Amino acid sequence: MKDLTVGKPGRVLLAYSLPLFGSIIFQQLYNIADSFVAGHFISTEALAAVGNSSEITLIFIAIAFGCNIGTSVVTANLFGQKEMKQVHTCVTTALIFCGILGVVLSAVGMLTSEWMLTLLDTPVETMKDSVAYIQIYLMSYVFLMLYQVATGIFSALGDSKTPFYFLAVSSIANIFVDIIFVRDFHMGVPGVAWATFLCQSISGIVAVIFVLKKVHEVVGGEKCPLFSGVLLKKMLIIAIPSAIQQSFISVGNILVQRVINGFGTACMGGYTAAIKLNNMFVTSVTALGNGMSNYTSQNLGAGKNERVRHGCRSGVAIGMTMGAIFAVVFYVFAKPLVYAFISDGNLEAVDVGVDFLHIVTPFYMFLSIKLMVDGVQRGAARMLQFMIATLSDLFLRVVLSFTLSPIFGIRGVWYSWPVGWVVGIVLSATLYLVWARKLTAEGEKNSRKSRVKEARSSLDAEKGSRDNVPCGVKGRSSLVGFGATPQLFHGRPFQRKSQQRRRQRSVPASNFALTQERPQLAFPLLAHCRAKWARPNSWLSNDITRRNHHASQGNDFLQAARSAGAGTAADWLCPAAASALRWGHCNVRCGIQP
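Given the structure is predicted, the values throughout are model-derived calculations rather than measurements.

Criteria and thresholds
Residues numbered from 1 in each chain as written. Predicted model: local features only at pLDDT ≥ 70, side-chain atom pairs only at ≥ 80, totals over all residues. Heavy atoms only, no water. Phe/Tyr/Trp six-rings, centres within 6.5 Å; stacked < 30°, edge-to-face > 60°. Helix = DSSP H or I, 4+ residues; strand = E, 2+ residues; numbered from the N terminus. Buried < 20%, exposed > 50% of the residue type's maximum accessible area, 1.4 Å probe, protein only. pLDDT = per-residue confidence, 0-100. Contact = heavy atoms within 4.5 Å. 1 Å grid on protein atoms, 1.4 Å probe; cavity = no way out; pocket = protein on both sides within 12 Å on 5 of 7 lines; lining within 4 Å. Points joined across faces, edges and corners; volume = space filled by probe spheres on them. Nonpolar A, V, L, I, M, F, W, Y, C, P; charged D, E, K, R; others polar. Polar contact = N/O pair within 3.5 Å; in protein donor to acceptor, adjacent residues only side chain to side chain. Expected span 1.5 Å × (residues − 1). Axes fitted to C-alpha atoms, helices over the stretch in contact; angles between N-to-C directions. Parallel < 35°, antiparallel > 145°, perpendicular 65-115°, else oblique. Left-handed = near helix turned anticlockwise from the far one by under 90°.

S.K.: Help me understand the packing of aromatic side chains in this model?
M.R.: Centre distance and the angle of the planes are the two values used to describe a pair of aromatic rings. This structure, assessed with the given rule, holds 20 aromatic pairs. A ring pair is formed by Trp194 and Phe197, whose centres lie 5.4 Å apart and whose planes are at 85°; its orientation type is edge-to-face. One end of the pair, Trp194, and the other, Phe197, are both in helix 7 (residues 188–219), 3 residues apart, so they sit about a helical turn from each other. Residues Phe326 and Phe330 carry aromatic rings whose centres are separated by 5.5 Å and whose planes lie at 70° to one another, so their mutual orientation is edge-to-face. Linking Phe326 with Phe330, this pair stays in helix 10 (residues 305–332), spanning 4 residues, or about one helical turn. There is no split in this pair, since Phe326 and Phe330 are both buried. Through a chain of ring-to-ring contacts, the aromatic side chains of Phe281, Phe326, Phe330, Tyr364 and Trp421 assemble into a single cluster.

S.K.: So what exactly am I meant to see when it comes to the confidence of the model for the protein here?
M.R.: Atom-level detail of predicted coordinates should not be read off regions where pLDDT is low. With 75% of its residues at a pLDDT of 70 or more, the protein shows a mean pLDDT of 74. When mean pLDDT is taken per element in the protein, helix 3 (residues 84–119) scores highest with 89 and strand 2 (residues 587–588) scores lowest with 40. The low-confidence segment residues 469–497, where pLDDT is below 50, has 83 contacts with residues more than four positions distant or belonging to other chains. This model gives residues 503–551 a pLDDT under 50, and the stretch forms 99 contacts once residues within four places in sequence are excluded.

S.K.: Looking at this model, I keep getting lost on the layout of surface pockets. Mind explaining?
M.R.: Using a probe with the size of a water molecule, rolled over the atoms, empty space left in the structure can be pinpointed. Counted as a void, the second largest pocket has a volume near 240 Å³. Forming the walls of the second largest pocket are 15 residues, and the residues nearest its centre are Val73, Val74, Asn77, Ser297 and Ala381. Residue composition of the lining of the second largest pocket, by class: 9 nonpolar, 5 polar and 1 charged.

S.K.: So what exactly am I meant to see when it comes to the side chain of Ser53 here?
M.R.: The topology assignment puts Ser53 in helix 2 (residues 44–80). The exposure class assigned to Ser53 is buried, which follows from its relative accessible area of 0%. A distance of 2.8 Å separates the side chain of Ser53 from the backbone oxygen of Ala49, its partner in a polar contact.

S.K.: How do you make sense of the environment of Ile24 when you look at a structure like this?
M.R.: Here Ile24 is to be found in helix 1 (residues 9–41). In this structure Ile24 comes out as buried when scored by relative accessible area, which is 19%. When the C-alpha atoms of Ile24 and Thr286 are compared, they prove to be 8.7 Å apart, with 262 residues separating the residues in sequence. For Ile24, the residues in contact, after removing those within four places along its chain, are Thr283, Ser284 and Ala287.

S.K.: I would appreciate a short explanation of helix 12 (residues 347–360) in the present structure.
M.R.: At 3.6 residues per turn, the α-helix brings residues three or four places apart onto the same side. Spanning 14 residues, helix 12 covers 20 Å between terminal C-alpha atoms, matching the ideal 20 Å at 1.5 Å per step. With 10 of 14 residues buried, helix 12 is to be regarded as a mostly interior element. Within helix 12, the full set of buried residues consists of Ala349, Val350, Val352, Gly353, Val354, Asp355, Phe356, Leu357, Ile359 and Val360.

S.K.: What exactly am I supposed to notice about the packing of helix 6 (residues 161–184) against helix 7 here?
M.R.: For any two helices packed against each other, one specifies the crossing angle of their axes together with the interaxial distance. Contact pair helix 6 / helix 7: the axes reach a minimum separation of 8 Å and the direction vectors enclose 155°. The pairing of helix 6 with helix 7 is recorded here as roughly antiparallel in orientation. By crossing handedness, the relation of helix 6 to helix 7 is classed as right-handed. Judged by residue contacts, Phe166, Ser170, Ala173, Asn174, Val177, Asp178, Phe181 and Val182 of helix 6 engage Gly188, Gly191, Val192, Trp194, Ala195, Thr196, Cys199, Ser203, Val206, Ala207 and Phe210 from helix 7. Of the residues assigned to the contact of helix 6 with helix 7, the class counts are 12 nonpolar, 6 polar and 1 charged.

What follows is the structure, encoded as structure tokens:
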């Protein structure tokens, strides 16, 4: 586990996000491997069938991703507050709910898969393979759902390496199983889907086992509730908007896919290859945004608001650097990258994919800003602002695809991407800056309060150290030095400060010094004083200020000390106590600790 509330924000965020980035790269290998194997070992039509089906599976992945984010943000906030029992309950609640939801959605998707493909105007030659791919893929959806929740929990606890290890092993295994099922067993597109089913199911089961073990280590042997409706509600507040946002993106991509399908199989194949590469960048920066969400949630939970702003600046710098690297690589090597997905020499499909990458990659750096800022908004549970910025981008992209395609052909669809991104960046940055200004003002207010509190604590500590000096005769009524409980005595000073200083100077300090020469007097005297004066409604708890009363009580104190002491020792101590009480000083401190 890693605490994201300590250390330099830039270094902490980079060390935490790099494994997340690696995880997303391997996650993308699932879809890329399917498309690569289908296009390289089968045909362009098989590649189009997998790509067409992926737009529908992305809707279900979006729901799993929403559950991942909801669980991660709430768990990170509880972890930042050090509420470990609540963390355990949050984890079990998420696993139970998402397991049930995964089974229901899997059944619904399998029953409606052909109908959804019909809405996409899927060509007849790819319909059969597309239906087979979706139905087999959705059989393992419940394991995908549980896996996403488990990785979200690992990330919330600051452990971004464990999900990376799972995905690295699973995705590499998926590549080899894909090739074996298609090339050796000649299973076609269904073989690609069965390979994904097998690897995804195993990784989901193993991830759940490991996350339960880790949470048990955090909580220990304490019993915690397995389900909480309150925590589920908090998770759904984050998960539902995130799932809707991702689902709308998938729906928007489906509508865009419908426009692209009208240009023929070659355009479908070229777009499928290019969008796989584009999604690799988008999901990589999204992973950094998810890390930014957990970072924000932990620090807000710990009350460290200023670290959120510093972390956002560092996150934007990391995202823009990543965007620049991806942009250069995809722009320069666009043709060989697209050609790797197409083995039958369909040059028209290759040109379509290269044209798409050349139009959208120059805007990758700007998209990185939007995704990192959106991660902060999501981590702060500002879901309305997050959805406004995201859905405006999607809405504009879909509208422009339908509007510009009759004018500019397939290029009109590609132009809609950068335009939608630019509008989304402006909205996201504006909403974040308004909130950051309020956060700064709130942080300064809390900082002033904390400084005042610290100053008061230091003054109290200094006053306490003065009170513990052997000759410390001060003005508040308590008998801490004689074993009485400090909380029982809340009297005001009996005299003004100037009077107290004069009185204190007039009493020789030597009269109050209890040295180690007479330790045998301490215990009987402490017990007797506690029993006699630590009673409710006694003179010490009623704040009596009359000096003649002090003198009479001093005489009582003298008598009590003599009856509790041993011979001359009581006579040696009690004149000091009686003198202090007669002078109106009610806090007699001694140097002997029982």
